[in-house]
Amino acid sequence: MARRAPQNATPGLFGAPPPRRAIHDPNESAFSRFIREEIWAPEKLPGNIGIVTGVAVFAAGVFAARTWGDILVPA
């Protein structure tokens, strides 16, 4: 028979994250709120960094192909 965890135990290694405190600034624009909540939010930052990395690698590949593409194609 499997052992059961105590009723007050939290699942996972660190438990549930603390609730996010919403910052309500009446002078904040919609663009600033979007940047704060969607770009710099800690829970969304790893995905955003992955997207930026993919776009940067793609742009570097386009740049390399346009710069040194004639070397890659045999004459």
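Our subject is the structure listed above.
All of these numbers come straight from a predicted model, not from anything done at the bench.

(A) Main features of the overall build of the protein chain. Scanning the protein chain for helices and strands turns up two helices and zero strands. Taken across its 75 residues, the protein chain has 4% of its residues classed as buried. Of the roughly 7,400 Å² of accessible surface on the protein chain, 67% is carried by carbon and sulfur atoms.

(B) Spotlight on a nonpolar patch on the surface. A cluster of nonpolar side chains, namely F34, I39 and W40, defines an oily patch on the protein surface of about 340 Å² accessible area. Judged by its relative accessible area of 30%, I39 is partly exposed.

(C) Region of interest: the packing of aromatic side chains. Evaluation of the coordinates by the stated rule reveals one aromatic pair. Note on F63 and W68: the rings are 6.2 Å apart at their centroids and 85° apart in plane angle, and the pair reads as edge-to-face. Among the residues examined, F63 registers a relative accessible area of 52% and is labelled exposed. The exposure class assigned to W68 is partly exposed, which follows from its relative accessible area of 47%.

(D) The arrangement of the environment of W40 in detail. Inspection of the secondary structure puts W40 in the loop between helix 1 (30–39) and helix 2 (45–72). Contact partners of W40, with chain neighbours within four places excluded, come to I35 and L45.

(E) Structural detail: the pattern of salt bridges. One pass over the structure, following the stated rule, counts three salt bridges. Of the charged contacts in the structure, one is a salt bridge between R36 and E37, with a shortest N-O distance of 3.9 Å. Close ionic contact of K44 with E38 constitutes a salt bridge, the shortest N to O distance being 2.7 Å. One network of salt bridges, in which partners are shared, links E28, R36 and E37.

Calculation criteria
- Residues numbered from 1 in each chain as written.
- Predicted model: local features only at pLDDT ≥ 70, side-chain atom pairs only at ≥ 80, totals over all residues.
- Heavy atoms only, no water.
- Helix = DSSP H or I, 4+ residues; strand = E, 2+ residues; numbered from the N terminus.
- Buried < 20%, exposed > 50% of the residue type's maximum accessible area, 1.4 Å probe, protein only.
- Areas by Shrake-Rupley, 256 points an atom, 1.4 Å probe, with all protein chains shown as cover.
- Patch = residues over 30% accessible without salt bridge, like charges linked within 9 Å, V, L, I, M, F, W, Y side chains within 5 Å.
- Salt bridge = Lys/Arg side-chain N within 4 Å of Asp/Glu carboxyl O.
- Phe/Tyr/Trp six-rings, centres within 6.5 Å; stacked < 30°, edge-to-face > 60°.
- Contact = heavy atoms within 4.5 Å.

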